[in-house]
Amino acid sequence: MWRIALSRAGRSAFARGDPIVRHASSNGAPPRKTGRKILLAFAVSTSLAGAIVYGVQHYRKVRESTAPATEQEQKEVVPGKKKERLVILGSGWGAVSLLRHLKQEEYDVTVISPRNYFLFTPLLPSVTVGILESQSVIVPMRTYLHPGTKYLKAACQEIDPVNKKVICRPAAETNTSVSTFTLEYDKLVVAVGSINNTFGTPGVYENCLFLKEAQDARKIRRRIIDCF
């Protein structure tokens, strides 16, 4: 056990009630830190360093993606030149990646998607077991839209490549009397994703639970809860 070593001055201070007590070992040496304290301090410092590095890298990526055009890029754009009309269908990984690296000053961008958010699909399994809520893996599309970029909550019904037009239908929850509308484009990017592939196995759609959308994760979570 540790013993309290008091000098003559320390005894006087202790008698007066002053809180100046120095802990020491039996041989007068200062106590050593245990291995557990050293391991804890190392873990905390490593975690803080990793968080700082990640934060700096994330800040640089966001700053680069939203930074205005450089002087060289501005020189490449001819003053008074009409911007090309770029229509992007979808709000998934492909659409978001394009928006982050697109030269906004060269295109008049319009994003069309019935889903007004980006879904981080790798974390969907965590939503099914309750580790995360569905709101934690959803990012609003306005986060990735540059100033001047238009977003339309609608679904593309038909593409006319000859006349360069897309025929769209407003989303079901959109309060509008317009059944369909047409939008012209100069360049079209189709990034609507894909559907689940059952490889022709009968009974899959009727009896299986898929994990592709946020509502799929919530459906699996409810099914697990109903089992108990």
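Described below are features of the structure shown in this document. (Residues numbered from 1 in each chain as written. Predicted model: local features only at pLDDT ≥ 70, side-chain atom pairs only at ≥ 80, totals over all residues. Heavy atoms only, no water.)

1. Considering the pattern of salt bridges
A complete count under the given rule lists six salt bridges for this structure. Among the ionic pairs, Asp108 bridges to Lys150, the shortest N-O distance being 2.9 Å. With Asp108 in strand β4 (residues 107-112) and Lys150 in strand β7 (residues 150-152), the pair connects residues that are 42 residues apart, well separated along the chain. With a relative accessible area of 38%, Lys150 lands in the partly exposed category. Bridged by salt links that share partners, the residues Arg85, Glu184 and Asp186 form one connected network. (Salt bridge = Lys/Arg side-chain N within 4 Å of Asp/Glu carboxyl O. Helix = DSSP H or I, 4+ residues; strand = E, 2+ residues; numbered from the N terminus. Buried < 20%, exposed > 50% of the residue type's maximum accessible area, 1.4 Å probe, protein only.)

2. Here we look at the side chain of Thr110
Along the polypeptide, Thr110 turns up in strand β4. Residue classification places Thr110 among the buried residues on the basis of a relative accessible area of 7%. Among all residues touching Thr110, those that are not within four sequence positions of it are Leu86, Val87, Ile88, Lys150, Leu152 and Leu183. (Contact = heavy atoms within 4.5 Å.)

3. Quick look at unusual backbone geometry
Although it is not a glycine, Lys164 adopts a positive phi angle of roughly 55°. You will see that Phe199, though not glycine, has its phi angle at about 55°, which is positive. With respect to the helices and strands, Phe199 occurs in the loop between β11 (187-190) and α6 (204-207). With a relative accessible area of 72%, Phe199 lands in the exposed category.

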